[in-house]
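# Geometric and topological summary
This is what each chain is made of:
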2 protein chains.
Amino acid sequence: MFRRVAILGLGLMGGSLGMALRERGLAHEIAGYDAAEGVAAHARQLGAITHPCGSVGEAGAGAELVVLAAPLLALRMLLAEVAPMLASDAIVTDLGSTKVEVTAWAHEILTAPDRFVGGHPMAGSERSGVKAACADLFEGCAWCLTPVASTAAHTRARVAELATRVGATLVVELEPARHDEAVAVVSHLPLVATAALVLTATGGHAWSAAGRLAAGGFRDTTRVASGDPCMARDICLTNGGPLVAILDTYIERLRAMRDDIADGRGAAIQQVFCNAKAARDEWLGG
Amino acid sequence: MFRRVAILGLGLMGGSLGMALRERGLAHEIAGYDAAEGVAAHARQLGAITHPCGSVGEAGAGAELVVLAAPLLALRMLLAEVAPMLASDAIVTDLGSTKVEVTAWAHEILTAPDRFVGGHPMAGSERSGVKAACADLFEGCAWCLTPVASTAAHTRARVAELATRVGATLVVELEPARHDEAVAVVSHLPLVATAALVLTATGGHAWSAAGRLAAGGFRDTTRVASGDPCMARDICLTNGGPLVAILDTYIERLRAMRDDIADGRGAAIQQVFCNAKAARDEWLGG
């Protein structure tokens, strides 16, 4: 499918993409770069890339496809570094969790922004780093693409093909702002809510007993709070508007439930839990 | 271990206890009663009990051990119905999620409250009803007992033995009020927080896109919101004080995170996520 792919940033996502490309025989050469010393060599040992590179330029040179897989706040710099080295027909995409800012940076920096399309595979893990990477991370996932009016049809088609070839079963196209709103709701709100939940639970005097009783419900509810704190920070910094808006709604709803509980309003409380169960079960079944 | 056990309430918990007792050969007879028509017969078909009974009295008569496994708010009535039928040496326990109220009811209603001890196996599922019951539900769980000063040592020992024989690997004794505070933090707060999360996510205009992107993180974070709404309601109604107190702390913490995000305070945001990850990882490792 590709002669040479460059992956810039070799953590969970970039590493897993490399492994998926290799395992499925989708690229002859996979050049990889990571800002942290030794990571590219480690990624080659793990089979995530074929060519560890010492610089962004070395990795990007001659690549048909460049995938930005570093933390969100590093993407602007990566774009600036790789831009002068891009082949004239190179396509650029990314794997970041928010899309408005990176799309703006791509249009500001790249000479051919029609060959950039933002991408977001809806897959992940609370584990991080190339050591957590695996070839089937994207198996069965949805992969969101965020083209804008000027994005070339060929760019969209090529990245959509990449997504399905490495395992995505659904490619969803959304405007960058719609994407960021949507993930604020189903991904970033849970991230903030569960971090707050963990700190609330572990920070009080009841924790010494409670920690011994906490079981599968607490473990699953808080799983995403064990994710990479830098990723979480970058998400908050690049998606502040939609995230604050949904947090306000969430806090308001919690406050209403709190008041129902304080007043012992059984019927109202039961209705809320019925509605939540119905909404979740419908989502799972749909 | 027991000649005859009576299980009053044949849902997920009562049904699973019956199955565990049978599979491990711990009771000759397991009498079962459920207020809903046909459930006791179904429980016998599934192998959860040996003797389906048409009344509380019929089930409780002659039992060495009576286990209250109905919804919390039904326990007072069950205690009143079973009390006159209890054998003089019968031990009574329950499987409910809160312990202050049921302990008070037992002391008010039973003629020998020294033979009652509250119990709470820290195991469960978002599925409910006897159809979801399984013999290994308690495998590896913690089982909390909530004796009070007047509880007989024999009662505690016998119910602790029951717990370990059906799979519990840890028996924790707490005062009823300490138990309720602890589970408010690690079990009831997650229940309320995730119900609010589901309703916030699914209730807004972004859901049509967001629902297609929601993945494993959203699924796991919200799992407990698919549980039985009546159980959740009874928990809120019998543990209102501790639950409201911890909800207030949670809302305050969310508000602080919301303000950090609104103001783009990267270092503070990262610190919060670092602390949450460290606390959760320590709990998992401990």
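These notes cover the structure that comes with them. (Residues numbered from 1 in each chain as written. Chains lettered and ligands numbered in written order. Predicted model: local features only at pLDDT ≥ 70, side-chain atom pairs only at ≥ 80, totals over all residues. Heavy atoms only, no water.)

## Some points on the overall build of chain A
The following threshold applies: Secondary structure elements are defined from DSSP: runs of H or I of at least 4 residues count as helices, runs of E of at least 2 residues count as strands, and each element is numbered from the N terminus. All radius of gyration figures rest on C-alpha atoms, and the globule criterion is 2.2 Å times the number of residues raised to 0.38. Relative accessible area decides the class of each residue, using a 1.4 Å probe on protein chains only: under 20% of the type maximum gives buried, over 50% gives exposed, and in between gives partly exposed.
Of regular secondary structure, chain A possesses 12 helices and eight strands. Taken over the C-alpha trace, chain A has a radius of gyration of 21 Å; the compact-globule value for 286 residues is 19 Å, and the two agree within 12%. C-alpha atoms of chain A, sized along the principal axes, occupy 65 × 40 × 35 Å. Sorting the 286 residues of chain A into buried and exposed places 58% on the buried side.

## Considering the interface of chain B and chain A
As a reminder of what qualifies: By definition in these notes, contact holds between two residues if any of their heavy atoms fall within 4.5 Å. Here the buried area means the combined drop in accessible surface, using a 1.4 Å probe, for two parts upon being joined, counting both sides. What makes a salt bridge here is a side-chain nitrogen of Lys or Arg within 4 Å of a carboxyl oxygen of Asp or Glu, nothing more.
On the side of chain A, 86 residues touch chain B, which itself brings 86 residues to the contact. Between chain B and chain A, roughly 7800 Å² of surface is buried when both sides are summed, and carbon and sulfur atoms account for 74% of that area. Among the residues chain B hides against chain A, the three largest losses belong to Leu213, Arg280 and Trp283 of chain B. Together they make up 10% of the total. Inspection of the chain B/chain A interface yields four salt bridges.

## Digging into the sheet that holds strand E6 (residues 116-121) of chain B
All names here are of chain B. The following threshold applies: Each pair of strands is called paired provided DSSP finds at least two bridges between the two strands. Note on geometry: axes are lines fitted to C-alpha atoms, helical ones only across the stretch in contact, with angles between N-to-C directions running from 0 to 180 degrees.
Strand order across the open sheet formed by eight strands is E3-E2-E1-E4-E5-E6-E7-E8, with mixed pairing between neighbours. Both outer strands of the open sheet, strand E3 (51-52) and strand E8 (170-173), are each paired with one neighbouring strand and no more. Of the strands in this sheet, strand E1 (2-8), strand E2 (27-33), strand E4 (65-68), E6 and strand E7 (142-146) are in contact with helix H1 (residues 12-23), which crosses E1 at around 165°. Running over the sheet, helix H6 (residues 153-165) touches E1, E4, strand E5 (91-94), E6, E7 and E8 and is turned about 55° from E5.

## Considering the packing of helix H7 (residues 176-203) of chain A against helix H12 (residues 266-285) of chain B
Any two packed helices are characterised by how steeply their axes cross, that is the angle between the axes, and by the distance between the axes. Quick note on the threshold: Note on terminology: angles under 35 degrees are roughly parallel, angles over 145 are roughly antiparallel, angles of 65 to 115 are roughly perpendicular, and the others are oblique. Helix crossings fall into two classes, left-handed where the near helix is turned counterclockwise from the far one by less than a right angle and right-handed where it is turned clockwise.
Contact pair H7 of chain A / H12 of chain B: the axes reach a minimum separation of 9 Å and the direction vectors enclose 60°. Put simply, H7 of chain A runs oblique to H12 of chain B. Crossing handedness for the pair H7 of chain A and H12 of chain B: left-handed. Contacts between H7 of chain A and H12 of chain B involve Leu191, Val192, Ala195, Val198, Leu199 and Thr202 of chain A from the first element and Val272, Phe273, Asn275, Ala276, Ala279 and Arg280 of chain B from the second.

## Focus on the pairing of strand E2 (residues 27-33) of chain A
The cut-off we apply is this: Crossovers are marked right-handed if the path from the first strand over the helix to the second runs clockwise, as seen with the strands pointing away from the viewer.
Across the seven residues that make up E2 of chain A, a large majority, five, are buried. One crossover worth recording links strand E1 (residues 2-8) of chain A to the parallel E2 of chain A by way of helix H1 (residues 12-23) of chain A, and it is right-handed.

## Focus: the packing of aromatic side chains
The criterion, for reference: Aromatic rings from Phe, Tyr and Trp, taking only the six-membered ring of Trp, are treated as a pair when their centres fall within 6.5 Å; an angle between ring planes under 30 degrees marks them as stacked, one over 60 as edge-to-face, and anything in between as tilted.
In total, this model carries seven aromatic pairs over all chains according to the counting rule given. Relative to Phe218 of chain A, the ring of Trp207 of chain A has its centre 5.9 Å away and its plane inclined at 45°; by these criteria the two rings are tilted. Of this pair, Trp207 of chain A sits in helix H8 (residues 207-213) while Phe218 of chain A sits in helix H9 (residues 216-221), and the two are 11 residues apart along the sequence. The exposure class of Phe218 of chain A is buried, given its relative accessible area of 2%. Arranged with centres 5.1 Å apart and planes meeting at 85°, the rings of Phe218 of chain A and Trp283 of chain B form a pair that is edge-to-face. Highlighted residues: Phe218 of chain A in helix H9 and Trp283 of chain B in helix H12, drawn from two different chains. When sorted by exposure, Phe218 of chain A lands in the same class as Trp283 of chain B, which is buried. Pairwise contacts between aromatic rings join Trp207 and Phe218 of chain A together with Trp283 of chain B into one cluster.

## Thoughts on the nonpolar core
Convention followed: Here, the term nonpolar core denotes a set of buried Ala, Val, Leu, Ile, Met, Phe, Trp, Tyr and Cys residues that are joined through side-chain atoms within 4.5 Å.
In terms of nonpolar packing, the biggest core is built from 136 residues, with Tyr250 of chain A together with Tyr250 of chain B touching the most fellow members. Filtering out sequence-adjacent residues up to four positions away, Tyr250 of chain B remains in contact with Ala193, Ala196, Leu197, Thr200, Tyr250 and Leu254 of chain A together with Leu189 and Ala193 of chain B.

## Let's talk about H1 of chain A
Residue and element names in this part refer to chain A. Test applied: To estimate how far a helix should reach, multiply one less than its number of residues by 1.5 Å.
The end-to-end C-alpha distance of H1 is 16 Å, a good match for the 16 Å that 12 residues give at a rise of 1.5 Å each. Burial within H1 is extensive, with 10 of its 12 residues counted as buried. For H1, the elements touching its buried residues are E1, E2, strand E4 (65-68), strand E6 (116-121), strand E7 (142-146) and helix H6 (153-165). With its phi angle positive at about 60°, Gly25 sits one or two positions after the end of H1.

## Topic: the packing of helix H7 (residues 176-203) of chain B against helix H11 (residues 240-262) of chain B
Residue and element names in this part refer to chain B. The test is simple: Three classes are used: nonpolar for Ala, Val, Leu, Ile, Met, Phe, Trp, Tyr, Cys and Pro, charged for Asp, Glu, Lys and Arg, and polar for all others, with Gly counted as polar.
Direction vectors running N to C along H7 and H11 enclose 60°, while the axes themselves pass 9 Å from each other. Between H7 and H11, the angle falls in the class oblique. As H7 runs across H11, the sense of the crossing is right-handed. Taking contact as the criterion, the partners of Asp180, Glu181, Ala184, Val185, His188, Leu189, Val192 and Ala193 in H7 are, on H11, Pro242, Leu243, Ile246, Leu247 and Tyr250. A class-by-class count of the residues in the contact of H7 with H11 yields 10 nonpolar, one polar and two charged.

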